Amino acid sequence: MLVAETASLLDVHRKDREARIRKQLRKVELPPSPYDTAWVAMVPLRGSPHTPCFPQCVEWILQNQHENGSWDINDFGSSANKNVLLSTLACVLALEKWNLGQEHIRKGLHFIGRHFSLVMDEEIAAPTGFNMIFPGMLSLAIGAGLQFPVRQTDIDGILHQWEMELKRQAGQKSYGREAYMAYVSEGLGNLLDWNEVMKFQRKNGSLFNSPSTTAAALVHNYDDKALDYLNMIVSKFGGADSLEKIGISRHFSSEIEGILDMAYSFWLQRDEEIMMDVATCAMAFRLLRMNGYDVSSDELSHLAEASNFHNSLQGYLSDTKSVLELYKASKVCVSEHELILDNIGNWSGSLLSEKLCSEGVQGLPILEVEYALKFPFYTTLERLDHKRNIEHFDARGSHILKTECLPYGINQELLALAVEDFTFSQSIYQDELLHLDRWVKENRLDQLQFARQKLTYCYLSAAATIFPPELSDARISWAKNGVLTTVVDDFFDVGGSKEELENLIALVEKWDEHHKDDFCSEQVRIVFCALYTTVNQLGSIASAVQNRDVKNHLIEIWLHLLRSMMTEAEWQRSQYVPTMEEYMTNGVVSFALGPIVLPALYCVGEKLLGSAVKNQEYSELFRLMSTCGRLLNDSQGFEREGSEGKLNSVSLLVLHSGGSMSVEAAKNAIQKSIVASRRDLLRLVLKEGTVVPRACKELFWKMCKILHLFYFRTDGFSSPKEMASAVNAVINEPLKLPKEAAVNL
């Protein structure tokens with residue numbers, strides 16, 4: 001009872017947290033940073049230069065100074081950094097402009113004075129344009145009569161560097177440079193031609209969607225559209241990506257759908273707020289495509305060449321986040337004709353690699369870039385990604401170019417929910433693995449000397465992809481059938497005689513009609529009884545979910561596999577060399593994904609009609625997935641299988657070429673086929689209005705990703721140590737959060 005009451009209280013707590021996050025997602029408003037707020041506060045009322053246009057912003061500044069004298073986005077005074085110094089100086093300037101809050105100004109100036117050494121420290125990360133904006137604002141403050149408790153030599157040094165940077169910028173001529181100077185215009189004041197700056201105004205009235213730059217323009221040059229923008233600052237692209245990355249998106253499916261629908265509407269309108277920001281445009285393309293929206297890569301044509309990117313504002317700023325988002329977007333290719341994505345992938349990947357090798361990565365954790373380059377999205381397991389992203393989650397938000405502007409509180413809620421969700425899931429996974437371990441022993445599968453013991457790997461592939469706790473039946477089906485296919489594969493490869501293999505097939509053909517005296521060996525008895533008992537149990541569960549009898553379909557899947565394995569065994573015994581077509585037609589079945597994936601389709605919460613199972617689309621999904629698996633296995637396992645006297649697609653290509661094709665050329669040809677099959681599979685999975693439900697189609701893609709990871713560098717499924725760390729990470733090891741994050745949860 002105590003456990004039940006505790007679980008109930010935790011559930012109420014979780015639902016309250018979900019409700020707060022849901023409210024924020026539906027609101028889709030992004031609170032501006034203290035820096036932006038300060039600049040908006042400096043905008044005068046039209047016709048009344050001594051009256052603020054936005055008094056509520058001035059009031060916010062007066063009410064939100066921290067005890068240490070700073071202004072920061074967090075609800076508590078954090079340690080000093082360049083972002084906090086910039087925000088604090090802006091708030092001091094705003095109060096000085098309206099002759100308010102003298103004590104606030106004094107405390108703010110002393111905070112800046114205590115930490116002024118940070119300004120000159122080049123090793124400390126800085127917001128974009130800090131070296132232009134902070135000295136410019138410092139000069140403005142000194143001109144207004146404010147006195148900083150700082151040595152004059154330090155101030156002179158900062159202002160001298162600023163003047164040198166202004167001269168350097170004046171000697172450069174490019175669109176990117178002009179855009180940059182306009183972007184940091186609040187630090188330049190009367191040094192700029194504000195009519196030239198207004199050339200960068202967007203349709204929504206803003207300059208670069210930046211409240212601070214837009215406000216600075218209004219201070220110097222009144223504009224109705226700019227004022228309208230400041231009256232309603234709205235973020236049009238929500239947090240769908242963050243929710244997905246930490247594994248809690250399923251809790252907010254309707255809210256995310258609303259965000260994506262809105263983003264798609266803006267995409268179709270070619271809205272500037274999406275199209276003119278490189279990172280947002282690339283992320284929108286990737287998320288919309290991966291969620292089934294019809295988006296064309298043609299909209300990224302302006303970024304197909306590296307030169308176009310380098311000439312943009314983001315290119316001028318060497319913005320790594322934009323390059324990384326482009327690289328990720330380039331990987332969601334669904335057609336061989338999407339050359340734009342190929343080009344983007346080539347130059348963005350090269351640029352990211354260069355950044356890692358040379359000056360490093362600015363504004364993003366190095367690990368994030370390294371991971372993206374090392375593991376393309378089709379080689380990742382979701383639960384592994386979730387864990388990595390949770391452990392590296394920055395609840396403070398991220399630098400949105402000039403200043404931090406993501407609400408700290410909501411990010412803390414996201415992190416807390418993700419931690420709860422992952423920790424609870426792990427407890428479920430551990431219980432399920434114990435159940436599976438008992439099942440192996442009860443069915444005496446551990447007594448089969450010829451069989452590889454792959455239970456944990458089979459379960460990893462289930463838990464890491466079919467991760468929601470409520471999909472236990474699908475995970476158990478996937479894992480049990482994974483173990484059984486491994487046993488049967490080994491039985492046909494090394495464990496069974498011709499008589500035993502024929503006996504096993506005959507027993508499966510009889511199924512309920514088999515007799516206890518029909519077994520020719522104890523090995524056959526163990527294998528068949530495990531198959532018979534397990535398939536019947538899983539068939540009953542699947543039939544209950546589908547509200548129709550599907551057990552016979554599960555038996556047919558197994559029989560189809562066994563017959564294909566027998567064909568390969570007979571080829572090897574007779575030393576028959578099949579054609580590539582014969583080999584692949586049989587090989588997509590004998591690769592043994594059918595019993596793992598197909599029964600699990602019945603257990604993911606969608607009705608899978610008999611007509612859908614018989615549809616060509618269902619067969620094509622299976623063929624493309626299995627083709628990827630068979631060819632990946634053949635490419636990585638060529639040497640091992642060759643030493644065992646087995647033929648595979650690599651050796652067949654060489655043999656049938658009459659000596660004109662080398663092993664390396666054959667592997668390259670196989671790799672091209674893998675890429676084509678993977679691309680075609682993704683296109684079919686993402687296609688809307690198909691007969692197979694999306695949740696079912698996703699399992700084919702999930703298995704494809706598992707295969708790419710398992711065979712990423714070696715024949716992973718045959719290399720025991722290769723997956724050990726992944727098993728522990730998903731199932732056993734608790735989350736390792738940074739000390740600060742753990743304390744604040």
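Quick caveat: nothing in here was measured; it's all calculated off a predicted structure.

Let us now look at the packing of helix 27 (residues 522-546) against helix 28 (residues 551-574). The contact between helix 27 and helix 28 brings their axes to 8 Å, and the two run at 140 degrees. When the axes of helix 27 and helix 28 are compared, the pair comes out oblique. As for the relative orientation of helix 27 and helix 28, their crossing is right-handed in sense. Contact residues: helix 27 offers Leu531, Val535, Asn536, Leu538, Gly539 and Ser543, while helix 28 offers Lys551, Leu554, Ile555 and Trp558. Residue composition of the contact of helix 27 with helix 28, by class: six nonpolar, three polar and one charged.

This brings us to the pattern of salt bridges. As a working rule, side chains carrying opposite charge can pair if their charged atoms are close by. This structure, assessed with the given rule, holds 35 salt bridges. For the salt bridge of Glu299 with Arg270, the shortest nitrogen-to-oxygen distance reads 2.8 Å. Placement of Glu299 in the loop between helix 16 (278-290) and helix 17 (306-310) and of Arg270 in the loop between helix 14 (253-268) and helix 15 (272-275) is noted, with a sequence separation of 29 residues between them. You can call Glu299 partly exposed: its relative accessible area is 21%. Among the ionic pairs, Lys441 bridges to Asp437, the shortest N-O distance being 2.9 Å. Here the residue Lys441 and the residue Asp437 both occupy positions in helix 23 (residues 408-442), the gap between them amounting to four residues, near one helical turn. Each of Arg17, Arg20, Glu413 and Glu420 takes part in one network of salt bridges that share partners.

Next up on the list: the nonpolar core. Residues Leu445 and Trp478 are the most contacted members of the largest nonpolar core, which totals 115 residues. Considering each element in turn, this core owes the most residues, eleven residues, to helix 28.

Turning next to helix 7 (residues 130-143). Compared with an ideal rise of 1.5 Å per residue, which puts 14 residues at 20 Å, helix 7 spans 19 Å between its outermost C-alpha atoms and is within 8% of the ideal. Every buried residue of helix 7 is accounted for by Phe130, Met132, Ile133, Phe134, Pro135, Gly136, Met137, Leu138 and Ala141. Looking at the buried residues of helix 7, the elements they touch are helix 2 (34-41), helix 4 (82-97), helix 5 (102-114), helix 6 (117-120), helix 8 (152-170) and helix 9 (175-183). One or two residues past the end of helix 7 sits Gly145, with phi positive at roughly 95 degrees.

What counts, and at which threshold
Residues numbered from 1 in each chain as written. Predicted model: local features only at pLDDT ≥ 70, side-chain atom pairs only at ≥ 80, totals over all residues. Heavy atoms only, no water. Axes fitted to C-alpha atoms, helices over the stretch in contact; angles between N-to-C directions. Helix = DSSP H or I, 4+ residues; strand = E, 2+ residues; numbered from the N terminus. Parallel < 35°, antiparallel > 145°, perpendicular 65-115°, else oblique. Left-handed = near helix turned anticlockwise from the far one by under 90°. Contact = heavy atoms within 4.5 Å. Nonpolar A, V, L, I, M, F, W, Y, C, P; charged D, E, K, R; others polar. Salt bridge = Lys/Arg side-chain N within 4 Å of Asp/Glu carboxyl O. Buried < 20%, exposed > 50% of the residue type's maximum accessible area, 1.4 Å probe, protein only. Core = buried A, V, L, I, M, F, W, Y, C linked by side-chain atoms within 4.5 Å. Expected span 1.5 Å × (residues − 1).

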